[in-house]
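What follows is the residue order along each chain.
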Amino acid sequence: MKKTLIAAALIAAPLTANAEFMDADWAAMACDAWNANSTLTNELGGDWAGNNGGRGYKLILSYRGKDSGGAAPCGQASRVQMTIEDKGGKAVCTYGGAPDAKAAVFDKSMDYEMHASDKNWAKMGTGETGAMGAMIWGKLKFNGPKMEAMSVMGPFNAYLQLVDDVREDAATISAGSCN
């Protein structure tokens with residue numbers, strides 16, 4: 001699977017050579033990595049992806065939040081978006097990038113918004129911190145259907161590890177420029 005993710009990243013590389021952590025180009029690469037990850041596409045297809053209010057998609061909005069000192073280097077204005085659709089029982093990422101008009105109608109009963117410090121994104125990306133622990137200990141701030149998220153912790157961990165799948169150097173993510 002890692003080879004597939006690397007291949008997807010290499011194919012996207014010419015278009016995203018200047019990708020910074022969690023900017024629009026990074027989100028496009030994360031979307032490609034999502035589609036190459038069978039855990040995400042297979043295990044989130046059907047009920048999870050189908051919880052979309054009849055509009056045909058779910059949103060995942062993410063951003064770099066406050067660090068341990070309380071500073072928010074990027075904040076909510078720097079959100080990136082992934083749009084997920086159920087296609088033939090598979091959860092397929094159809095868009096990754098800057099928030100589009102769909103983000104303006106975020107619905108916390110079906111959509112997800114997450115933020116964490118760069119340090120915590122890196123720990124989740126490498127698997128050092130799992131989704132459940134990150135949420136319980138407040139390392140990952142979450143807005144969305146909590147019970148639904150709890151029911152898909154395995155795939156949710158795979159989503160968080162896209163940080164490392166897209167950036168093989170996740171452990172070196174540090175506060176820097178914002179998108």
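Residues numbered from 1 in each chain as written. Predicted model: local features only at pLDDT ≥ 70, side-chain atom pairs only at ≥ 80, totals over all residues. Heavy atoms only, no water.

With that settled, the discussion passes to helix 8 (residues 153-160). Burial within helix 8 is extensive, with six of its eight residues counted as buried. Met153, Pro155, Phe156, Ala158, Tyr159 and Leu160 are the residues of helix 8 that are buried. (Buried < 20%, exposed > 50% of the residue type's maximum accessible area, 1.4 Å probe, protein only. Helix = DSSP H or I, 4+ residues; strand = E, 2+ residues; numbered from the N terminus.)

A few words now on the state of the cysteines. Using the criterion set out here, one finds one disulfide in the structure. Across the disulfide, Cys31 is cross-linked to Cys93 (sulfur-sulfur distance 2.1 Å). Since a negative S-S torsion denotes a left-handed disulfide, the Cys31-Cys93 link at about -120° is left-handed. Note that Cys31 is positioned in helix 2 (residues 24-35) and Cys93 in strand 3 (residues 90-97), a separation of 62 residues in sequence. What makes Cys31 buried here is its relative accessible area of 4%. (Disulfide = S-S within 2.5 Å.)

Moving on to the sheet that holds strand 3. Pairing in this open sheet of five strands is mixed, and the strands run 3-2-1-4-5 from one edge to the other. Every other strand in the sheet has two partners, leaving strand 3 and strand 5 (141-143) as the edge strands with one partner each. Here the strands of the sheet are splayed against their neighbours by 20° on average, with no regard to which way each runs. Looking at chain direction, strand 1 (residues 58-64) and strand 2 (residues 80-87) are connected through five bridges and run antiparallel. For Ser62, the partnering residue across the bridge sits in strand 2 and is Val80. In the packing of helix 2 onto the sheet, the strands contacted are strand 1, strand 2 and strand 3, and the crossing angle to strand 3 comes to about 165°. (Pairing = 2+ DSSP bridges. Axes fitted to C-alpha atoms, helices over the stretch in contact; angles between N-to-C directions. Contact = heavy atoms within 4.5 Å.)

On inspection of all chains with the given rule, the structure shows six aromatic pairs. With centroids separated by 6.3 Å and ring planes inclined at 75°, the aromatic side chains of Phe142 and Phe156 adopt a geometry described as edge-to-face. One end of the pair, Phe142, is in strand 5; the other, Phe156, is in helix 8, and 14 residues separate them in sequence. By relative accessible area, which is 13% here, Phe142 ends up buried. (Phe/Tyr/Trp six-rings, centres within 6.5 Å; stacked < 30°, edge-to-face > 60°.)

Together, Met132, Ile136, Trp137, Met147 and Met150 make up a nonpolar patch on the protein surface, roughly 630 Å² of accessible area in all. Elements with a minimum of two residues in the nonpolar patch: helix 6 (131-136) and helix 7 (146-151). Considering the arrangement of structural elements, one finds Met147 in helix 7. (Patch = residues over 30% accessible without salt bridge, like charges linked within 9 Å, V, L, I, M, F, W, Y side chains within 5 Å. Areas by Shrake-Rupley, 256 points an atom, 1.4 Å probe, with all protein chains shown as cover. Salt bridge = Lys/Arg side-chain N within 4 Å of Asp/Glu carboxyl O.)

Strand 1 sits mainly inside the fold: seven of its seven residues count as buried. With burial as the criterion, each face of strand 1 is covered, one bearing Lys58, Ile60, Ser62 and Arg64 and the other bearing Leu59, Leu61 and Tyr63. In the sheet, strand 1 pairs with strand 4 (residues 112-116) via five bridges, with the strands oriented parallel. By the bridge assignment for strand 4, Ile60 is matched with Tyr112.

The next subject is helix 5 (residues 118-126). Among all positions in helix 5, only Asp118, Asn120, Trp121, Ala122, Met124 and Gly125 are buried. Buried residues along helix 5 sit in contact with strand 1, strand 4, helix 6, helix 8 and helix 9 (162-166). Following helix 5 by one or two positions, Gly127 has its phi on the positive side, about 85°.

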